[in-house]
Structures are given as C-alpha cells and as structure tokens.
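# A look at the structure
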Amino acid sequence: MAELRLTNVGKRFGAIQAVDSLHLDIPSGEFFVLLGPSGAGKTTTLRLVAGLEQPDAGNVYIGGREVTAHAPALRDVAFVFQQYSLYPHLSVFDNLAFPLRSPLRPTPEREVRRKVEEVAHMLRIHDKLKNPATKLSGGQMQRVAIGRALVRSPSIYLMDEPLSSLDAKLRNDLRLELKRIQQDLGATMLYVTHDQIEAMTMATRIGVLDAGVLVQVGTPQQIYEDPRSSHVAARLGSPRINLFPRALVPGVAGPQQAVTVGVRAEHLRIHRDASNTAHRDARVKRIERLSDQHLVHVGLDDSDQELIVSAPGGDSFAPDDAVRVELMRPLWFDAEGQRIAA
Ligand SMILES: Nc1ncnc2c1ncn2[C@@H]1O[C@H](COP(=O)(O)OP(=O)(O)OP(=O)(O)O)[C@@H](O)[C@H]1O
C-alpha cells in the first residue's frame, strides 16, 4: 500500500475547470472519501490519479514516485467503476482471476486460485464461482467487479460510486463489508460518492469538492460539526441542516456580519412556554415519525420559513400547536456563505 499525493493539479475541459489547483495528501492505509454534488470534479480526480486523464497542471505521486506522465498500467492502481463491467463470456472465477493473469503481472495458477477463493469468500460469492458472469443479480455482479480490484494488491484502490447501482439493503451490507475489507487489508482507498451516509460511515477523512475546488478536508466529525461554509454544512447531515436568513431570529445573539444562520435539527428545541425572549415563535406544521426519531416541521411566524426539529418527545406535539423554538448551537455564515466564528 502507498500514500497518494496530488500537488496543484488542474484539469480543464473547454470552458469548464473540472479540477482546480488540487492539493491532496492521503497517507498509506487511509480511507479517503471525495464528496460532492454532480459535476464537482470527483470522477475527473479519480481518472487523473489512474492516468486515464492527463492534468493540464500539477503532479501526481504514488508511494513517493512521480507518475504524472505514466500510463495507467504502470501506476499500480485498481479502479472500480459505478457500473460493473464484467466479461460476460467468462465465469465468475475467470472474471476474478483476470487481473492476475495479465501479462504484466504473471501469477502462478495455484496462487491465482488461492487469491480468487479468498476474495470470493470475503465478498460472499464463493458459491457462484462457476456461474457465467451474466447469470448473477446486480448486487452479485457488482461484488465481482469489486472482487476484481481486491484480488490484486495495488498501491491504491480507486472506487467511483461502486455501490450506487445497488438497492438500499445491499448498499448497507456492502458498505460495511468494504470498510471491513479495507481495514483488514490496510488498503489506501480513494472513494468517490455523493452519498453522505457512505462518507460518514466509511471515511477516515472526507474531502468536500465544489466546482473543482477542494473546499474542506477533515474527519467526518470535523466536517459535520465545524463546516467551513454553508455549502459544506449542507453536504452532511440527514435531515439537512436548517439554513435561513439571520434576520428571522433577531433575538438570538450572533456576530454582526452574519447573513445566514445554520442549525442542525438536533440542535433545535421546541418549547410550549413563552418565557425566553431569545426563543422564536413558530407553529407546528407536521410531524414525521421515523423509526429512530421524530421530526417536527415548524413554520416560523410571520415568514414562509420552515425548520425541521429533531424532537425525542415529538409525539406530544400536534399540527397547529403554537410553540417557541430555541437555537442551541447556531452556525453563522456571511453573505458569501463563509463561516464566521460565533
Ligand atoms: N471528457 C469530458 N469532456 C468535457 N467535459 C467533461 C468531461 N469529463 C468531465 N467533464 C465536465 O467536468 C465537470 C466535472 O465532471 P466530473 O465527472 O468529474 O464530476 P463528478 O463530480 O464526478 O460528477 P458526477 O457525480 O455526476 O459523476 C463536469 O462539468 C463535466 O461535465
């Protein structure tokens, strides 16, 4: 396994700066998740690391060696794409064995069998080894695609939304399995997703990309609790953070330049009494009963603004109740959406 370093990497497609002055240092054995909306430059970053794209500027280093001009086959990376791309005429066994039989990496056939069986067990497809690759469910095919990367011991695994085509149950299962396998192998992983649950549960660190720019890097907890901008704050958390004009809560103390306030659902409290002037008048609109929490949607009086409050005792409220909302840990943002210290 090896560390990955990108210095000042840029890539433009016509008028679009897909990746802009990107600096990234991923230590060996880290599970690094690139998170961002569609078009943020996530796939382009992976392709630049794999050598499938050439950067206009900057350098790529794998294991301390500069590989910027190296062909993909010489970079020792394994890539898993969003859509499984299996060889349909081959069995599951032969699909998994394929990378080990490459002329670039001749492997004794006994070693091929050992490795394929080990990975097939890890991914729980060992009873399918003789099946043609086409006689599998979507989830099984994607396991084979992931397995094809895992049979090798590359310097770095690159995965581009490998779970996005699967149903929710399989996605949950494979999320946990992939994380476990990465830890067992001590693998360096660069993993792309726009799914915040994947990012929160799998990442050692997350890098948030926005329009080709890496806007924040940190542990999932740092990104969640201490976002640098309203854009980053909105990327993590379910339900989404409540973002609304500061002018709607004049009674709450905050920095002068603040234009927007952000409060997570679990950092809002709703009260029935009217004792505290810092609390904001509101009215219950509806209550969402999820398996593990109650979400109370309230409308702030004299505005169209709705907030979502995570309330353990949400059951005791009903639509149209007059309530008061307390902001426990507001985050403040300026006119550009940049965070301001409280
Ligand atoms: N080969 C290409 N030619 C022209 N434009 C491209 C090309 N590849 C990517 N782009 C553009 O570069 C930007 C970044 O694309 P990229 O695929 O890296 O984003 P992404 O974050 O992976 O998005 P998604 O989540 O939708 O896959 C987009 O605006 C995209 O349209």
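It should be noted that the structure appears before, not after, this text.
Here's a quick rundown of the structure. (Residues numbered from 1 in each chain as written. Predicted model: local features only at pLDDT ≥ 70, side-chain atom pairs only at ≥ 80, totals over all residues. Heavy atoms only, no water.)

### Some thoughts on the sheet that holds strand β17 (residues 322-327)
- Strand order across the open sheet formed by 5 strands is β13-β17-β14-β15-β16, with antiparallel pairing between neighbours. In the strand order of this sheet, the two ends are held by β13 (268-271) and β16 (306-310), each with one partner. Across this sheet, the average inter-strand angle for adjacent strands is 45°, counted without regard to direction.
- Direction of pairing for strand β15 (residues 294-300) relative to β16: antiparallel, over a ladder of 5 bridges. Looking across to β16, one finds that Gly 299 is bridged to Glu 306. (Pairing = 2+ DSSP bridges. Helix = DSSP H or I, 4+ residues; strand = E, 2+ residues; numbered from the N terminus. Axes fitted to C-alpha atoms, helices over the stretch in contact; angles between N-to-C directions.)

### Quick look at the site of the ligand
- In the vicinity of the ligand, the residues found are Phe 13, Ile 16, Ala 18, Pro 37, Ser 38, Gly 39, Ala 40, Gly 41, Lys 42, Thr 43, Thr 44 and Glu 161.
- A distance of 3.0 Å is found between an oxygen atom of the ligand and a backbone nitrogen or oxygen belonging to Ala 40.
- Within the contact set of the ligand, an oxygen atom lies 2.8 Å away from a side-chain nitrogen or oxygen of Thr 43.
- Protein coverage of the free-state accessible area of the ligand, which is 630 Å², stands at 61%.
- Taken together, the elements giving at least two residues each to the shell around the ligand come down to β2 (16-26) and α1 (42-50).
- Ranked by residue count, the leading element in the shell around the ligand is α1, at 3 residues. (Near = heavy atom within 4 Å. Polar contact = N/O pair within 3.5 Å; in protein donor to acceptor, adjacent residues only side chain to side chain. Areas by Shrake-Rupley, 256 points an atom, 1.4 Å probe, with all protein chains shown as cover.)

### Thoughts on α1
- With 7 of its 9 residues buried, α1 lies for the most part within the structure.
- Gly 51 lies just past α1 and shows a positive phi near 90°. (Buried < 20%, exposed > 50% of the residue type's maximum accessible area, 1.4 Å probe, protein only.)

### Focus on the environment of Arg 180
- For Arg 180, the location among the structural elements is in helix α5 (residues 168-185).
- For the pair Arg 180 and Ala 258, spaced 78 residues apart in sequence, the C-alpha separation works out to 42 Å.
- Aside from chain neighbours lying at most four places away, what touches Arg 180 is Met 122 and Arg 124. (Contact = heavy atoms within 4.5 Å.)

### Overview of helix α4 (residues 138-150)
- Over its 13 residues, α4 runs 18 Å from end to end, which matches the ideal 18 Å to within 8%, given 1.5 Å per residue.
- Of all 13 residues in α4, 11 are buried, a share of seventy percent or more.
- When we look at burial in α4, the residues that qualify are Gly 139, Met 141, Gln 142, Arg 143, Val 144, Ala 145, Ile 146, Gly 147, Arg 148, Ala 149 and Leu 150.
- Looking at the buried side of α4, the elements it contacts are β6 (77-80), α2 (92-97), α3 (109-122), β7 (156-160) and α5. (Expected span 1.5 Å × (residues − 1).)

### Looking at the pairing of β2
- As defined by bridge partners, strand β1 (residues 4-13) adjoins β2 across 7 bridges and the pair is classed as antiparallel. Along β2, the bridge assignment pairs Arg 12 with Gln 17.
- Where β1 folds back onto β2 in an antiparallel hairpin, the turn is made up of 2 residues, including Gly 14, whose phi is positive at roughly 55°.

### So, the side chain of Asn 95
- On the secondary structure map, Asn 95 appears in helix α2.
- Among the polar contacts listed, one links the side chain of Asn 95 to the backbone oxygen of Leu 90, at a separation of 3.3 Å.
- The residues contacting Asn 95, other than those within four sequence positions of it, are Leu 86, Tyr 87, Leu 90, Ala 133, Val 144 and Arg 148.

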